[in-house]
Amino acid sequence: MTQDTKFHHGDATQNDSPIVEMKNIEKHFGNIIALAGVSFDVRPGECHCLLGDNGAGKSTFIKTMSGVHRPTKGEILFEGKPLNFATPRDAMEAGIATVFQDLAMIPLMSVTRNFFMGREPTTGRGLMKRFDVAKANEVTIEAMRQMGINLRGPDQAVGTLSGGERQTVAIARAVYFGAKVLILDEPTSALGVRQTSNVLATIDRVRKQGIGVVFISHNVRHALAVGDRFTVLNRGKTLGTAKRGEITPEELQDLMAGGQEMAALEGSLDGTI
Amino acid sequence: MNDTVQGAADERLKAEPLFAQLIKRPELGAVAGVILVVIFFSITADRSMFSLSGIINFMTPASQLGILAIGAALLMIGGEFDLSIGSMVAFSGLFFGVCAVTWHLPLVAAIPLTFIFAGAVGALSGNLVIRSGLPSFIVTLAFLFILRGLSLVGLKWATGGSTQLRGVREAVENDWLAPVFSGDAFPGLFAKLADMGLVATFNNGTPKVPGIPVEILWFVAIALIATYVLLRMPVGNWIFAAGGDRTAASNSGVPVNKVKVSLFMLTACCAALVAIITVMDAGSTDARRGFQKEFEAIIAAVVGGCLLTGGYGSAIGAFFGSIIFGMVVIGLTYTNFDQDWFQVFLGGMLLIAVMFNNAIRKRVTGER
């Protein structure tokens, strides 16, 4: 694995203050401690990868960040101010958009109708107030083109798109509606090689627009391909944040697995994971 | 599926033939059905079936069903189901009859009250479905029996033991609002056309068709409004979304529960409209009014391209589905066939439509 990839990295914006900063977040469900002190922040124009194995607490953490859960302890700062999201809708309106694995897309509906679902542009007034289909189609085609996808037509059903394309529609939608922070939950986990590289390229495009990207993954290769910073989550705790170039894939992999076992395994597999 | 290539148009995409584009429209099946039925009856039926009076003859039952079917179609697109439509016709017919005959209310009060009453019952069953999380099939099946039973009990209470409430015609005859909900529209126009020899007349010179029955106008208007709402209003998008995937829809900010409850209310109001029109037409109301109409309405909606799973369908499709229905039920009397073939036809049509819709859905979603 080479350290340099074809992607531009957002190092120019490293000095900006974080958009979202989460300090020592704890989340308990009854007697289960899902998060035991997690600190994480994301700055404009960077891709901050959150790595962790299954059960490490990634999902709980994302849900806390996107307003689904309230932290038991800890502080969330949004643009420097302490903040408490009551609902996911609040987080969305503040500019934290989450693209979950199930994508919130409806296969039978067209790309345009999915793109604007719940936020349809209207034209006219009073009784003549109507869904501005022409504008919606135009915006959708253009937003998708910027992400590198040429649609057959705006009325193409989402069900006919590939997994990577659907992922891109979801990302394009979040960006169009003014996301400042984009949380991507395992966007590449179910994708093939080509589709994965398309999604990674999309992440790069989004980052260049000054949006902070939180990229959740358990795939070190995908993370290293686009990430500017890497935070590893293990058993509900963060094990520190590393900058790009400060850490090798092997070290990341070991951190995710919690150390020893993985190292032993990797020897027998000849470093192919 | 493959990702489209960045930049130029995808060379792997062939231009889609017109037929392939058309077949993706939900209402296509129903339009094809209308054409087939017209061909069938133009061969087998008496020629008078497609004269003006013949057309009015089959459009009248088609309209009465179609008003219900369009409501049912919107509800099905929204992902729910209402089996109580037929009983709702009887129940709101009873309420309307009691308003007009027993309470001597003028139509301007009786009609809005009937709609409010029907809407409230629809809101009740809708809320039960949403809050209990039970399938709407079961909840509205319960309402099918509850409302039919209440109609019987209520009729006996209102009439002192009979299951028919008479005297509606006498009560509303001279009401200024009556022509909007009963009788024929544009009688003057048709009389003039008869004078000019443009429409067929009886020997005494009165036109064979005195006007267009109002239910046909209601039917066409409702089909147009429903189509506009579905395709050109944000609410239409919410209906598709609520039926397609309620979690995805509410995650995207669609008020799914409100949409669904409103659709139940709308369906109930469609039933009330049919009740008002048919009760005023017959001059009386009885407990069997609207019997089994729920099934016919759902069949018309399915023939019109609605998927049973929700999220897909059209109001125009239900419009044509109802016309097929009316043509067959009336058309058989113009042929030498036994009229009881009608039921066989209805079942067969439903089966073909469901299989056709399933195939279409796979095409649209690209399932293999």
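Quick caveat, the model's predicted, so the values are computed rather than measured. (Residues numbered from 1 in each chain as written. Chains lettered and ligands numbered in written order. Predicted model: local features only at pLDDT ≥ 70, side-chain atom pairs only at ≥ 80, totals over all residues.)

S.K.: So what's going on with the overall build of chain B? Which residues, and what values?
M.R.: Along the backbone of chain B there are 16 helices and 4 strands. Taking 2.2 N^0.38 as the reference for a compact globule, 368 residues should give roughly 21 Å; the C-alpha atoms of chain B span a radius of gyration of 22 Å, in line with that estimate. Projected onto the principal axes, the alpha-carbon positions of chain B cover approximately 70 × 55 × 35 Å. (Helix = DSSP H or I, 4+ residues; strand = E, 2+ residues; numbered from the N terminus. Rg over C-alpha atoms; globule rule 2.2 N^0.38 Å.)

S.K.: With reference to specific residues and values, describe the overall build of chain A.
M.R.: When its secondary structure is counted, chain A shows 9 helices and 12 strands. Here chain A, with 273 residues, has 46% of them falling under the buried criterion. Within chain A, residue pairs in contact and separated by at least 24 positions form 70% of the contacts whose partners lie at least 6 positions apart. (Buried ≥ 20, exposed ≤ 12 C-beta atoms within 10 Å, placed from the backbone. Contact = placed C-beta atoms within 7 Å.)

S.K.: Explain the sheet that holds strand β5 (residues 81-82) of chain A residue by residue, including any values.
M.R.: All names here are of chain A. If you trace the 4 strands from one edge of the open sheet to the other, you get β2-β1-β4-β5, paired in antiparallel fashion. The open sheet has two edge strands with one neighbour each: β2 (32-42) and β5. In the sheet, strand β1 (residues 20-29) pairs with strand β4 (residues 73-78) via 5 bridges, with the strands oriented antiparallel. Within β4, the residue paired with Glu 26 across the bridge is Lys 73. (Pairing = 2+ DSSP bridges.)

S.K.: If you had to explain the confidence of the model for chain B to someone new, which residues and values would you point to?
M.R.: Residues and elements named next belong to chain B. Per-residue confidence for chain B averages 89 on the pLDDT scale, and 93% of its residues sit at or above 70. Predicted confidence is poor over residues 1-8, with pLDDT under 50, and the contacts of this stretch with residues over four places away or in other chains come to 16 contacts. Reported confidence for the predicted complex is 0.82 by ipTM and 0.85 by pTM. (pLDDT = per-residue confidence, 0-100.)

S.K.: Can you lay out the sheet that holds strand β9 (residues 181-185) of chain A for me, pointing to particular residues and giving the numbers?
M.R.: Residues and elements named next belong to chain A. Spatially, 6 strands are ordered β6-β9-β10-β3-β11-β12 in an open sheet, and the strand pairing comes out mixed. Two strands bound the open sheet, and with one partner strand each, they are β6 (96-99) and β12 (237-243). The mean angle between the axes of side-by-side strands here comes to 20°, regardless of whether they run parallel or antiparallel. As paired strands, strand β11 (residues 229-234) and β12 are joined by 5 bridges and run antiparallel to one another. Residue pairing across strands places Arg 229 opposite Lys 243, the latter belonging to β12. (Axes fitted to C-alpha atoms, helices over the stretch in contact; angles between N-to-C directions.)

S.K.: Go over the interface of chain A and chain B, please, and point to the residues and values.
M.R.: At the junction of the two partners, chain A supplies 30 residues and chain B supplies 28 residues. For the side of chain A that touches chain B, the secondary structure elements donating two or more residues are β8 (130-131), α5 (163-176) and α6 (193-208) of chain A. Broken down by class, the residue content of the side of chain A that touches chain B amounts to 12 nonpolar, 10 polar and 8 charged. (Nonpolar A, V, L, I, M, F, W, Y, C, P; charged D, E, K, R; others polar.)

S.K.: Kindly report on the pairing of β1 of chain A, identifying the contributing residues and their values.
M.R.: With 8 bridges joining them, β1 of chain A and β2 of chain A adopt antiparallel strand pairing. Each residue of the ladder has a partner; that of Phe 29 of chain A, found in β2 of chain A, is Ile 32 of chain A.

S.K.: I'd like a description of the packing of helix α10 (residues 214-232) of chain B against helix α11 (residues 234-244) of chain B, backed by residues and values.
M.R.: All names here are of chain B. Where α10 meets α11, the axes come as close as 5 Å, and the angle between the chain directions of the two elements is 80°. With respect to α11, the axis of α10 lies roughly perpendicular. Every residue of α11 that contacts α10 at Val 229, Leu 230, Leu 231 and Arg 232 is listed here: Val 235, Gly 236 and Ile 239. Grouping the constituent residues of the contact of α10 with α11 by class yields 5 nonpolar, 1 polar and 1 charged. (Parallel < 35°, antiparallel > 145°, perpendicular 65-115°, else oblique.)

S.K.: Tell me about the pairing of strand β3 (residues 47-52) of chain A, and name the residues and values.
M.R.: Residues and elements named next belong to chain A. The buried fraction of β3 is high, at 6 of 6 residues. What you see with β3 is no split at all: Cys 47, Cys 49 and Leu 51 on one side and His 48, Leu 50 and Gly 52 on the other are buried throughout. Of the pairings in the sheet, the one linking β3 to strand β10 (residues 212-217) comprises 5 bridges and is parallel in character. By the bridge assignment, Cys 47 is partnered in β10 with Val 213. Taken together, the 5 bridges between β3 and β11 define a ladder with parallel strand orientation. Its bridge partner lying in β11, His 48 is registered against Arg 229.

S.K.: Describe in detail the environment of Ile 276 of chain B, supporting the description with residues and values.
M.R.: Residue and element names in this part refer to chain B. Inspection of the secondary structure assignment puts Ile 276 in helix α13 (residues 256-282). Between the C-alpha atom of Ile 276 and that of Val 328, which follows or precedes it by 52 residues, the distance is 25 Å. With sequence-adjacent residues up to four places away left out, Ile 276 is seen in contact with Phe 96, Ile 111, Thr 114 and Phe 181.

S.K.: Summarise helix α6 (residues 136-159) of chain B; cite the residues concerned and give the values.
M.R.: For an α-helix, the turn length of 3.6 residues means that residues three or four places apart are oriented alike. Residues and elements named next belong to chain B. When the terminal C-alpha atoms of α6 are compared, their 33 Å separation across 24 residues agrees well with the 34 Å that a helix rising 1.5 Å per residue should span. Taken as a whole, α6 has its buried residues at Ser 136, Val 139, Thr 140, Phe 143, Leu 147, Arg 148, Ser 151, Gly 154 and Leu 155. Within two residues after α6, Gly 160 carries a phi angle of roughly 75°, on the positive side. (Expected span 1.5 Å × (residues − 1).)

S.K.: I'd like a description of the environment of Ala 190 of chain A, backed by residues and values.
M.R.: Mapped onto the elements of the fold, Ala 190 of chain A is located in the loop between β9 and α6. Accessibility expressed as a C-beta count within 10 Å gives 12 for Ala 190 of chain A, which makes it exposed.

S.K.: So what's going on with the environment of Val 139 of chain A? Which residues, and what values?
M.R.: Along the chain, Val 139 of chain A falls in helix α4 (residues 133-146). Linking Val 139 of chain A and Phe 115 of chain A, residues 24 residues apart in sequence, is a C-alpha distance of 9.3 Å.

S.K.: Summarise the packing of helix α5 (residues 107-132) of chain B against α6 of chain B; cite the residues concerned and give the values.
M.R.: Residue and element names in this part refer to chain B. Where α5 contacts α6, the two axes come as close as 9 Å, and the packing angle between them is 145°. Helix-helix and strand crossings are classified by hand; for α5 and α6 the assignment is right-handed. Taking contact as the criterion, the partners of Ser 125, Leu 128, Val 129 and Ser 132 in α5 are, on α6, Ser 136, Val 139, Thr 140 and Phe 143. In terms of residue class, the contact of α5 with α6 is built from 4 nonpolar, 4 polar and no charged. (Left-handed = near helix turned anticlockwise from the far one by under 90°.)

S.K.: Which residues make up unusual backbone geometry, and what values go with them?
M.R.: Residue and element names in this part refer to chain B. Of note, the phi angle at His 104 is positive, near 55°, even though the residue is not glycine. Its 9 C-beta neighbours within 10 Å are what place His 104 among the exposed residues. Phi is positive for Phe 186, close to 55°, though the residue is something other than glycine. As for its placement among the helices and strands, Phe 186 is situated in the loop between β2 (184-185) and α9 (187-195).

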